[in-house]
Amino acid sequence: VNVLPSKYWCSFSIGDGQSSPHFMRYSGLTGAAINAMLINNYLGSSIRLENILSRKRVFQMSHETNWSNDEVVKRGTGYNYGVDGFLRPGAAYDNVIEYLYYKMLEMDVARYEENYEDDTLSAIFMLSWQRKFGSMFVPRGMETNDSHTRGLEAILLPKILKTVSNEMMDREELKEDENEPFMTLFQQYASDGPEAVLGEKTMFESDGTLFSGFQEEWDHDLKLLFEKSQASEETQDIVMEYMDRAYRVCEILNRSFVLARDEHIDGKRFAGSESENEPKSTDSFFSDFPVEAQSFASGLELSSIFGAISLSATQGSVTGGSVVVSVAIAITFAILNIPTSFGTMTNVSRYVNRQEEFRAEFSRTKMLGLERTLFKVLSSSKRKEIDDASNPLLKQVRVAYEDFVTGATYYDTSSDEIQESYGNTNFKDLKSVEAFMEEITSNFIPKRYQKEAYLKDKLVTLFAACIELAEVLENDERTGDEETYIEDEATYKAFRRMPKFTERLENSLQTGPIVYGFIRKNKKLSQWAIFAPLRLYFFLMGNFLLKGFSLRCGGLFNPISTEIKVMRGVVTALNRSLGQTLKKEAYDLKELFHATMESSIGMSLFFVGMWVFIFSFFIIANGIASAVQNTSTTCAGALGISGRNSFQQYQCFVVEGGAIVSALAGLIALSFFVRQFRHQRKVVAAINYLPSPPPSVRKIGSLAYFQSLISIWQCIATCTSLASIVIGFVLRFDFADFENNVTFGLAIGAVGAFGISIFLQLIANLGMLYNVEPSAGIDVCSAFWGTLTKKHRLFSLGRSEKSVMSPALEDRESWEYVAREFLTETRFDTVLGADRFNAVMQAIQSGDTSSWRGNKIFAKEE
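Remember, predicted model here, so these are calculated numbers, not experimental data.

**Some details on the overall build of the chain**
Within the chain one finds 31 helices and two strands. Buried positions account for 53% of the 862 residues belonging to the chain. Of the contacts formed within the chain by residues at least 6 apart in sequence, a portion of 77% connects residues at least 24 apart. Per element, the accessible surface of the chain, about 39200 Å² overall, is 56% carbon and sulfur.

**Focus: the packing of helix H3 (residues 93-109) against helix H11 (residues 233-265)**
Packing of H3 against H11 leaves a shortest axis separation of 9 Å and a crossing angle of 115 degrees. You can see that H3 and H11 cross each other, and the crossing is right-handed. Two secondary-structure elements touch here, H3 through Ile97, Leu100, Tyr101, Met104, Leu105, Met107 and Asp108 and H11 through Tyr242, Arg245, Arg248, Val249, Ile252 and Leu253. Per-class residue counts for the contact of H3 with H11 are ten nonpolar, no polar and three charged.

**A few points about the packing of aromatic side chains**
Each aromatic ring pair is summarised here by two numbers: the centre-to-centre distance and the angle between the ring planes. Taken as a whole and judged by the stated rule, the model has 37 aromatic pairs. Ring geometry for Phe211 versus Phe214: centroids 5.2 Å apart, planes at 75 degrees, classification edge-to-face. There is no split in this pair, since Phe211 and Phe214 are both buried. Judged by centre distance (5.3 Å) and plane angle (25 degrees), the rings of Phe795 and Tyr817 are stacked. Of this pair, Phe795 sits in helix H29 (residues 785-795) while Tyr817 sits in helix H30 (residues 807-826), and the two are 22 residues apart along the sequence. Cluster of aromatic residues (ring-pair linked, three or more members): Phe607, Trp611, Phe615, Phe618 and Phe653. Positioned above the aromatic ring of Phe286 is the side chain of Arg354, whose terminal nitrogen or guanidinium carbon lies 4.9 Å from the ring centre. Seen from the ring of Phe795, Lys583 lies directly overhead, with NZ or CZ sitting 4.9 Å from the centre.

**Remarks on the nonpolar core**
Among the nonpolar cores identified, the biggest contains 176 residues, and Phe137, Trp218, Met243 and Leu253 are the most heavily contacted of them. Aside from chain neighbours lying at most four places away, what touches Phe137 is Tyr93, Val96, His148, Leu152, Leu156 and Leu253. Residues Ile687, Ala764, Val772 and Val840 belong to the second largest nonpolar core, which totals 41 residues.

**A word on unusual backbone geometry**
The backbone phi angle of Phe211 is positive, close to 55 degrees, even though this residue is not glycine. With respect to the element layout, Phe211 can be found in the loop between helix H9 (194-198) and helix H10 (214-229). Under the relative-accessibility criterion, Phe211 is labelled buried at 5%. A positive phi angle, near 55 degrees, is found at Asp412, a position not held by glycine. Inspection of the secondary structure assignment puts Asp412 in the loop between helix H16 (392-410) and helix H17 (416-423).

**A few points about the pattern of salt bridges**
Pairs can form between side chains of opposite charge once their charged atoms are near each other. Evaluation of the coordinates by the stated rule reveals 38 salt bridges. Between Arg364 and Glu361 there is a salt bridge, with the nearest N and O atoms lying 2.5 Å from each other. Here Glu361 and Arg364 lie together in helix H13 (residues 323-365), a separation of three residues that amounts to about one turn. Residue Glu591 pairs with Arg820 through a salt bridge whose shortest N-O separation is 2.6 Å. Note that Glu591 is positioned in helix H24 (residues 583-629) and Arg820 in helix H30, a separation of 229 residues in sequence. Here the two residues Glu591 and Arg820 agree in accessibility, since each one is buried. What you see here is one network of salt bridges that share partners, running through Asp108, Arg171, Glu173, Glu241, Asp244, Arg245 and Arg248.

**As for the confidence of the model for the chain**
Residues of the chain with pLDDT of at least 70 account for 83%, and the chain-wide mean is 82. Across residues 77-82 the pLDDT falls below 50, and counting only partners more than four positions away or on other chains, this stretch makes 32 contacts in the model. Predicted confidence is poor over residues 854-862, with pLDDT under 50, and the contacts of this stretch with residues over four places away or in other chains come to 15 contacts.

**Structural notes on the environment of Ser304**
Along the polypeptide, Ser304 turns up in helix H12 (residues 294-313). A relative accessible area of 0% places Ser304 in the buried class. Each C-alpha atom, one on Ser304 and one on Ala747, is 9.5 Å from the other, the two residues being 443 residues apart in sequence. Residues within four places of Ser304 in sequence aside, it is in contact with Ser662, Ala665, Gly666, Ser721 and Ile725.

**Some details on H30**
For H30, built from 20 residues, the straight-helix expectation of 28 Å at 1.5 Å per residue is met to within 8% by its first-to-last C-alpha distance of 28 Å. Near the N-terminus of H30, the side chain that reaches the backbone nitrogen of Ala808, with its oxygen 3.2 Å away, is that of Ser806. Arg827 lies just past H30 and shows a positive phi near 60 degrees.

**Some remarks on the environment of Ser421**
Looking at the secondary structure, you find Ser421 in helix H17. By relative accessible area, which is 10% here, Ser421 ends up buried. Sequence separation between Ser421 and Phe436 is 15 residues; the distance between their C-alpha atoms is 7.0 Å. Residues within four places of Ser421 in sequence aside, it is in contact with Phe436, Glu439 and Phe444.

**Here we look at helix H27 (residues 741-769)**
Counted at 1.5 Å a residue, the expected span for H27 with its 29 residues is 42 Å, and the 40 Å between its end C-alpha atoms agrees. Those residues of H27 not exposed but buried are Thr743, Phe744, Ala747, Ala750, Ala753, Phe754, Ser757, Leu760, Ala764 and Leu769.

**Examining a nonpolar patch on the surface**
Together, Tyr705, Leu709, Ile712, Trp713, Ile716 and Ile756 make up a nonpolar patch on the protein surface, roughly 490 Å² of accessible area in all. Counting residues per element, the nonpolar patch draws most heavily on helix H26 (residues 695-732), at five residues. Take Trp713: it is sitting in helix H26.

Criteria and cut-off values
- Residues numbered from 1 in each chain as written.
- Predicted model: local features only at pLDDT ≥ 70, side-chain atom pairs only at ≥ 80, totals over all residues.
- Heavy atoms only, no water.
- Helix = DSSP H or I, 4+ residues; strand = E, 2+ residues; numbered from the N terminus.
- Buried < 20%, exposed > 50% of the residue type's maximum accessible area, 1.4 Å probe, protein only.
- Contact = heavy atoms within 4.5 Å.
- Areas by Shrake-Rupley, 256 points an atom, 1.4 Å probe, with all protein chains shown as cover.
- Axes fitted to C-alpha atoms, helices over the stretch in contact; angles between N-to-C directions.
- Left-handed = near helix turned anticlockwise from the far one by under 90°.
- Nonpolar A, V, L, I, M, F, W, Y, C, P; charged D, E, K, R; others polar.
- Phe/Tyr/Trp six-rings, centres within 6.5 Å; stacked < 30°, edge-to-face > 60°.
- Lys NZ or Arg CZ within 6 Å of the ring centre and 35° of its normal.
- Core = buried A, V, L, I, M, F, W, Y, C linked by side-chain atoms within 4.5 Å.
- Salt bridge = Lys/Arg side-chain N within 4 Å of Asp/Glu carboxyl O.
- pLDDT = per-residue confidence, 0-100.
- Expected span 1.5 Å × (residues − 1).
- Polar contact = N/O pair within 3.5 Å; in protein donor to acceptor, adjacent residues only side chain to side chain.
- Patch = residues over 30% accessible without salt bridge, like charges linked within 9 Å, V, L, I, M, F, W, Y side chains within 5 Å.

Written as structure tokens, this is what we have:
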């Protein structure tokens, strides 16, 4: 609202422009409604002649407007600069400075100093607003960059003085002739700087933050301007009234900058959503047989048992010759197998989709990083053998630059200046690269693209890419063409292998859309579920049997899993040889290998579950047909194919096909239980290795031992069902002579063993696990304090001091790696439920070593 100049007025907003964090969101509309209500109250009080001459209503309206807008910002996005960048204001700095100046004028008019003696600035410019303006002036990554800070000062300083000069020109007292010399000098000072008026610029001590020393500088320069123009005392008082507002504008900018810098250091410049601040959940845990996959074994075991009962019941003799009873049992358990197998299919599909999402994310975000790391650990002379097209650091700079140009086109902003600067830069010369970086931080970010918050982020990304390149160029200048490292040849081969490896990985990804919540479309033919067992067999053969042969053939016959395994082995060996500088990359490849294998295993499980699902309907149809014809299922080997009629052939197909898929389900479930037992014993061994574990950790050890016994019972149940299926096969083909009710008895025995395992599981979950203290996550960290801190030191190696990333975020990333590697080695996930395991994982990721009591616990000597 534009109002006539007056000594008594304040600015206010109409509509949701000032309040809305999201277009047409409830919080924005609420803020607009509050603004409108406050305006109505303000005008209504004057119409009713209530305090019409009082500034109380002015203060009340100002205070309520600021409070409501602050509340709206918090409700909308938390603190206004989320991952999506919303509520990072984009405005020309002239308009921003003018707005801040009038907020200071509003503070004077409403007499905030009479109501908030301690901190009047925080009363009118609340913390969320400081974050809001900090996010506009200081993009993430520039918080500690002195070049950007000085460039921002150089741009904002004249704008503040120009705003003050324009306001003073409207003051009647300053329009008098006696004040013309001062006004002329001040306008020249505001536009041309102190050197043009005073002949020199006096420097004052600064702490490096935005506008930290300008009040002293301005006080000094104003004193000289007053002396030079012989300004009167009255004129000086009037001028200082305006300059006081300029000082407060600078203080607001300084507070916003300091807040942005401190939150950058603390890793809090995130989205307001707590989901961005919380440690990662168990979904980020990719390993051999992780948490989610452990539920598949029980589903497959149950499918195998139900299949065994249905198949054994189809033989009428086991029920005393009663076809009706035989059919009823077979159909009942076949019906039960339908939701069981379908649940296995859906759960496995979601699990596979999660593995594939991880693989796709790895390809997008970590492949180029792995290539860059391999390039950087090469010696200077070896790097010179690599052409520019294959140089990953130049590639990263080029990608960031092209992304910026694309973004500028999208936001309808010219990129001619940066294109010219980019074209004139020699990216193989250190000084040229440093000059380009200086122009980004001192010109492009704070000045040229001051309104475009998103483009500033892209410029920071380009700047970060240039930092990596400059570090390598600086190292090359310092070391020169020294002798190659002993690891050079292996590293060079691994680097040259990367393009083909990347291509193979990208071709193996499943990136189609997901429908119905679990079915992925647009798969390649080789990725269809029907070929999953063959694909898994090919992977296993490549990993364990054909590895040497395929390597001698140059990797021509390697499946993607073996390619990953070979690359992982090379990077792991280099990591050990180079002093753990490639530890993150080696672990990333380990997770990629596990995700690839788990995806393949998962599709094989889907294949088995699909056929169990299909044969359940076949068994139901067979039972109905047998009941109608009042005949039991016959599939005896003595009859031969020629001796069977068409219905008997169908019966044989159903029985033998169902037996095969049920046996497959049982075998896979058995392999899973064996893996689970091995991992549970790892937990027992890890805890037994501790000298004096806390009580909660001892309880986890007891629980792990008990869980391993449950796994044994599950193995017994699965083996019993398999025995029923195998003996049934032997009986039908007359390979041996057993009583017909043996198969049914074994199947019922499998049900009993399964029931015992379920009962024991209830005891474990509702008794032992329930009694584990809530502090178990921290207690595990305390017990393994030495191991965790050692891993953290190793994962923290190789950090760049020039990185634009928050130190706290880098440390958080290191702790995330520590958590995943430690839990992969100890496998607490096979003992604790997902919620308790998540608590342990998040406790490690927090890196809160102070809460772990800080007493290093040494392991027992072997």
